[in-house]
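# Structural description and commentary
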Amino acid sequence: MLKTRYTIAYVALMTLVIVASNFLVQFPLNAEVAGINLADILTWGAFSYPVAFLITDLTNRQFGPQAARKVVFAGFVVGVTLSFFTSAPRIAIASGSAYLAGQLLDIAVFNRLRRQAWWRAPLIGSLIGSALDTVMFFSLSFAAFFVFLGPNEPFALEAAPILGAFAAEAPRWISWAIGDFAVKMIVGLVMLLPYGALMNVLRPMQPARAN
């Protein structure tokens, strides 16, 4: 019964993060850092989305990988449904695929490292999962190769200075991906604070196998 209540709470939190991220992705971050106009490469959704990895890791720590996967799949259903209503099919496919792959990789890495230093599993798991999520989402959404998923976005494919500040040029979506992953790394580090604070509250309820 306790496990069911906690799992429902984790699913509710994951749903909230997905819904919030889908809403906040509409709003650019209006700021400038080191000559880089962040509004060109970041939205507020980049800051809320990585919280999903914290929820997954807390579920994994407390109940193991099977329960964590249930929470991830619940978030997948919500995320894909919202994406199809709010964005183009190609973006929806990219979003759902990247979310699912990144979260499942995070669960696998976390479970392998869970008996090491307390910070290693959540940090390395979220960073590796975020890297896969970022590569998959931006490649599937904007790379010309994946045109079979939907029409290419000409603006995303235009060559522009990387991050709008360097001499080297690349398709705009490359800068978007770099900026997105940079934020995910920062948020991943910050998320160690609530994870560490909750460790003694959300203790493992059962032994977890490395599966």
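Predicted model, so just to flag it, every value in this text is computed and none were measured.

## A closer look at the packing of helix 3 (residues 51-63) against helix 4 (residues 65-86)
Where helix 3 contacts helix 4, the two axes come as close as 7 Å, and the packing angle between them is 150 degrees. Here helix 4 runs roughly antiparallel to helix 3, going by the angle between their axes. In terms of crossing hand, the pair formed by helix 3 and helix 4 is right-handed. Every residue of helix 4 that contacts helix 3 at I55, T56, T59, N60 and F63 is listed here: P65, A67, A68, V71 and V72. Residue classes in the contact of helix 3 with helix 4 are distributed as seven nonpolar, three polar and no charged.

## Some details on the nonpolar core
Judged by nonpolar contacts, the single largest core of 46 residues is most densely connected at Y10, M14, I41, L42, F138, W173 and W176. Put simply, the parts of the chain that give this core at least two residues each are helix 1 (2-24), helix 3, helix 4, helix 5 (89-113), helix 6 (120-142) and helix 8 (172-190). The element best represented in this core is helix 5, accounting for eight residues. In this structure Y10 touches I55, L58, T59, Q62, F63, V71 and L202, once residues within four positions along its chain are discounted.

## Quick look at unusual backbone geometry
In this structure, L163 is a non-glycine residue whose phi angle is positive, near 60 degrees. The residue L163 is located in the loop between strand 3 (159-161) and strand 4 (169-171) in this model. The buried category is assigned to L163, whose relative accessible area is 15%.

## Some words on the packing of helix 3 against helix 5
At a minimum axis separation of 10 Å, helix 3 and helix 5 run at an interaxial angle of 40 degrees. The angle between helix 3 and helix 5 places the two elements in the oblique class. For the pair helix 3 and helix 5, the crossing hand works out as right-handed. Contacts between helix 3 and helix 5 pair A52, F53, T56, D57, N60 and R61 from the former with G102, Q103, D106, I107, F110 and N111 from the latter. For the contact of helix 3 with helix 5, a count of residues per class yields four nonpolar, five polar and three charged.

## Remarks on the side chain of N60
Considering the arrangement of structural elements, one finds N60 in helix 3. A relative accessible area of 0% means that N60 is categorised as buried. Contacts of N60, omitting those with residues within four sequence positions, involve P65, A68, I107, F110, N111 and R114.

## A closer look at helix 8
Between its terminal C-alpha atoms helix 8 stretches 28 Å, which fits the 27 Å expected from 19 residues at 1.5 Å a residue. On its buried side, helix 8 packs onto helix 2 (45-48), helix 6, helix 7 (154-157), strand 3, strand 4 and helix 9 (192-198).

## A word on a nonpolar patch on the surface
The grouping of F23, F27, W44 and F47 at the surface amounts to a nonpolar patch, some 400 Å² of accessible area in total. Mapped onto the fold, F27 is located in the loop between helix 1 and strand 1 (32-33).

## Some points on the side chain of S130
When you line up the elements, S130 lands in helix 6. Once residues within four sequence positions are removed from consideration, S130 is found in contact with F53, F181 and K184.

## Examining the packing of aromatic side chains
The geometry of two aromatic rings is summed up by the distance between their centres and the angle between their planes. Applying the stated criterion to the full structure yields 15 aromatic pairs. Relative to Y195, the ring of F110 lies with its centre 6.3 Å away and its plane at 75 degrees, an arrangement referred to as edge-to-face. Residue F110 is found in helix 5, and its partner Y195 is found in helix 9; the two are separated by 85 residues along the sequence. No difference in accessibility class separates F110 from Y195, as the two residues are buried. Here a set of aromatic residues connected by ring pairs shows up, and it is made of F137, F138, F142, F155 and W176.

## Description of the pattern of salt bridges
Inspection of the entire model under this criterion finds three salt bridges. For E158, the salt bridge is made with R172, and the minimal N-O distance between the two is 3.2 Å. Separated by 14 residues along the polypeptide, E158 in the loop between helix 7 and strand 3 and R172 in helix 8 bring together distant segments of the chain. Of the residues examined, E158 reaches a relative accessible area of 37% and is grouped as partly exposed.

Definitions and cut-offs
Residues numbered from 1 in each chain as written. Predicted model: local features only at pLDDT ≥ 70, side-chain atom pairs only at ≥ 80, totals over all residues. Heavy atoms only, no water. Axes fitted to C-alpha atoms, helices over the stretch in contact; angles between N-to-C directions. Helix = DSSP H or I, 4+ residues; strand = E, 2+ residues; numbered from the N terminus. Parallel < 35°, antiparallel > 145°, perpendicular 65-115°, else oblique. Left-handed = near helix turned anticlockwise from the far one by under 90°. Contact = heavy atoms within 4.5 Å. Nonpolar A, V, L, I, M, F, W, Y, C, P; charged D, E, K, R; others polar. Core = buried A, V, L, I, M, F, W, Y, C linked by side-chain atoms within 4.5 Å. Buried < 20%, exposed > 50% of the residue type's maximum accessible area, 1.4 Å probe, protein only. Expected span 1.5 Å × (residues − 1). Patch = residues over 30% accessible without salt bridge, like charges linked within 9 Å, V, L, I, M, F, W, Y side chains within 5 Å. Areas by Shrake-Rupley, 256 points an atom, 1.4 Å probe, with all protein chains shown as cover. Salt bridge = Lys/Arg side-chain N within 4 Å of Asp/Glu carboxyl O. Phe/Tyr/Trp six-rings, centres within 6.5 Å; stacked < 30°, edge-to-face > 60°.

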